[in-house]
Amino acid sequence: MKIKKPFHINDATIKYSSLAFRKRQHQYLKLPGEYIRRYPTEVVLPNMETGRMDELYSVRVKEGEMLINLEEESEKINDETLKKFGKYKTFGSFIYGLPFLTAVICMKDPIDFPEEYGTSPTDIIRPIYVYFSEKELLEKYKNLIKNINQNNILSNDEALSIAFIPKYISKERAPSICETLASIFEDAIIPDKALKRDVAVILMTMILKHVNGTEKQNKLIEMMNMKEYEDEIDEIVNDKYGDELSKKDQEIKELNQKLTNSDIELAKTDAELEKIKKEYKSKIEKLNEMEDLNTPQAKKILNSLLVLLNS
């Protein structure tokens, strides 16, 4: 099973999980309100500046309807990050006329991240930081393995943990966790077949990210017995990043063309050098045949040799 590794895997998987899991992902992250529906993520500000939110959807709370902008950040969050999210808030609140909440899934501990950022004196963004500690993830992992080995039916949250644990665990632990989950995935009892398929897609993508070696990756994916979901992996690669892949292909094509042109130029140079060598050899042979090098003909040949040597 040959699968391309996506560019920007975290961005791709948060997009896919938001499409596939929607309400379940919202519940898993323990965000406020009851999930209603998704909204377009493209942002165009009055100054024509553009951007794209990772995910935007509405929820029902006691006060009515509210928008949640869900972002995922692998690096430390600072004021510049919140400034960008603040622009999303300004856009979303203005276009849809709804209260706006920013939630950020953090790959690093947000203990010292800024709590708020004021885009104006009256417009302040106060994000909710979602962070899974190593201890919490390992506890989820331990319970998950136990339930699968005991042939227990997995809850929705437990099923989602198959996707999210290798996604948010440390890079050091991720390879072995991916291997273990792949080896027992087929035994996981997930009654909702669509949920099992979507979890498989994220897990397979994490295998591509964390496990080294194509042969080993393919072996783990085959153990999952999920070959029929190869198209879903391709969707992750090509849906959002198709243009980027095409651009890379074009760059490679142009590079190959440059190399071809260089080869042609080198071949021309080699031919020219070979021609000069033959001409040089011919003139030397003529000089060797002459008894007197003081003749006009000899001087003419000597001058032509100097020109060849300087060319």
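Definitions and limits used
Residues numbered from 1 in each chain as written. Predicted model: local features only at pLDDT ≥ 70, side-chain atom pairs only at ≥ 80, totals over all residues. Heavy atoms only, no water. Helix = DSSP H or I, 4+ residues; strand = E, 2+ residues; numbered from the N terminus. Buried < 20%, exposed > 50% of the residue type's maximum accessible area, 1.4 Å probe, protein only. Axes fitted to C-alpha atoms, helices over the stretch in contact; angles between N-to-C directions. Parallel < 35°, antiparallel > 145°, perpendicular 65-115°, else oblique. Left-handed = near helix turned anticlockwise from the far one by under 90°. Contact = heavy atoms within 4.5 Å. Nonpolar A, V, L, I, M, F, W, Y, C, P; charged D, E, K, R; others polar. pLDDT = per-residue confidence, 0-100. 1 Å grid on protein atoms, 1.4 Å probe; cavity = no way out; pocket = protein on both sides within 12 Å on 5 of 7 lines; lining within 4 Å. Points joined across faces, edges and corners; volume = space filled by probe spheres on them. Salt bridge = Lys/Arg side-chain N within 4 Å of Asp/Glu carboxyl O. Phe/Tyr/Trp six-rings, centres within 6.5 Å; stacked < 30°, edge-to-face > 60°. Core = buried A, V, L, I, M, F, W, Y, C linked by side-chain atoms within 4.5 Å. Pairing = 2+ DSSP bridges. Expected span 1.5 Å × (residues − 1). Polar contact = N/O pair within 3.5 Å; in protein donor to acceptor, adjacent residues only side chain to side chain.

Observations regarding the overall build of the protein
Of the regular secondary structure elements, the protein holds 11 helices and nine strands. Evaluated residue by residue, the protein yields a buried proportion of 41% over its 311 residues.

Comments concerning the packing of helix 6 (residues 174-184) against helix 7 (residues 193-210)
Their axes nearest at 9 Å, the elements helix 6 and helix 7 cross at an angle of 140 degrees. One finds that helix 6 runs oblique with respect to helix 7. Helix-helix and strand crossings are classified by hand; for helix 6 and helix 7 the assignment is left-handed. Of the residues in helix 7, those touching helix 6 at Ala-174, Pro-175, Cys-178, Leu-181 and Ala-182 are Leu-203, Met-206, Ile-207 and His-210. Broken down by class, the residue content of the contact of helix 6 with helix 7 amounts to eight nonpolar, one polar and no charged.

Focus: the confidence of the model for the protein
Parts of the prediction with low pLDDT should not have their coordinates interpreted in detail. For the protein, the mean per-residue pLDDT works out to 79, and 66% of the residues sit at or above 70. Low confidence marks residues 5-9, where pLDDT is under 50. Its contacts with residues over four positions away, or in another chain, come to 16 contacts.

Details of the layout of surface pockets
The volume enclosed by the largest pocket comes to roughly 340 Å³. Around the largest pocket sit 18 residues that line it, and Ser-74, Met-107, Lys-167, Ile-169 and Lys-171 are the ones nearest its centre.

Side note on the pattern of salt bridges
A full pass over the atoms with the stated rule returns 11 salt bridges. Two residues, Arg-38 and Glu-55, come together in a salt bridge whose shortest N-O distance is 2.7 Å. Of this pair, Arg-38 sits in strand 1 (residues 34-38) while Glu-55 sits in strand 4 (residues 55-61), and the two are 17 residues apart along the sequence. Residue classification places Glu-55 among the buried residues on the basis of a relative accessible area of 2%.

Observations regarding the packing of helix 7 against helix 8 (residues 214-223)
Their axes nearest at 9 Å, the elements helix 7 and helix 8 cross at an angle of 160 degrees. In terms of orientation, helix 7 lies roughly antiparallel with respect to helix 8. Our pair here, helix 7 against helix 8, has a crossing hand that is right-handed. For the pair helix 7 and helix 8, the contacting residues are Met-204, Ile-207 and Leu-208 in the first and Gln-217, Leu-220 and Ile-221 in the second. Per-class residue counts for the contact of helix 7 with helix 8 are five nonpolar, one polar and no charged.

Details of the packing of aromatic side chains
Following the criterion strictly, the structure yields eight aromatic pairs and no others. Measuring from centroid to centroid gives 5.9 Å for Tyr-28 and Phe-132, while their planes differ by 50 degrees, and the two rings are tilted. With Tyr-28 in helix 2 (residues 23-28) and Phe-132 in the loop between strand 9 (128-131) and helix 4 (134-149), the pair connects residues that are 104 residues apart, well separated along the chain. With respect to burial, Tyr-28 and Phe-132 carry one shared label: buried. Aromatic pair Phe-164 and Tyr-168: ring centres 6.0 Å apart, planes at 40 degrees, arrangement tilted.

Examining the environment of Val-211
Mapped onto the secondary structure, Val-211 falls in the loop between helix 7 and helix 8. Of the residues examined, Val-211 reaches a relative accessible area of 3% and is grouped as buried. Between the C-alpha atom of Val-211 and that of Ala-174, which follows or precedes it by 37 residues, the distance is 8.2 Å. The residues touching Val-211, leaving out its near neighbours within four places in the chain, are Pro-175, Cys-178, Met-206, Lys-216, Gln-217 and Leu-220.

Examining the nonpolar core
Generally speaking, a soluble globular protein has its nonpolar side chains buried in company with each other. By size, the foremost hydrophobic cluster in this structure holds 51 residues, and its most contacted members are Leu-29, Leu-31, Ile-68, Ile-162, Ile-207 and Met-224. Contributing elements (two or more residues each) for this core: strand 4, strand 5 (64-73), strand 6 (100-106), helix 4, helix 5 (156-168), helix 6, helix 7 and helix 8. No other element matches the nine residues that helix 7 contributes to this core. Here Leu-31 is in contact with His-26, Tyr-57, Ile-68, Leu-70, Ala-103, Ile-128 and Val-130, once residues within four sequence places are set aside.

Description of the sheet that holds strand 9
Ordered in space as 1-4-5-6-9, the five strands form an open sheet in which the pairing is mixed. Strand pairing shows two members of the sheet lacking a second neighbour, strand 1 and strand 9, which therefore form its edges. Going from strand to strand, the sheet's axes swing by 30 degrees on average, the running direction of each strand aside. Where strand 5 and strand 6 come together, seven bridges link them in parallel fashion. The partner of Glu-72 across the bridge, within strand 6, is Ile-105.

Examining helix 7
A rise of 1.5 Å per residue sets the reference length of helix 7, with its 18 residues, at 26 Å; its end C-alpha atoms lie 26 Å apart and thus fit the reference within 8%. Of all 18 residues that make up helix 7, 14 are buried, and the element is covered over most of its length. The N-cap of helix 7, judged by a side-chain oxygen 3.0 Å from the amide nitrogen of Ala-194 a few residues on, is Asp-192.

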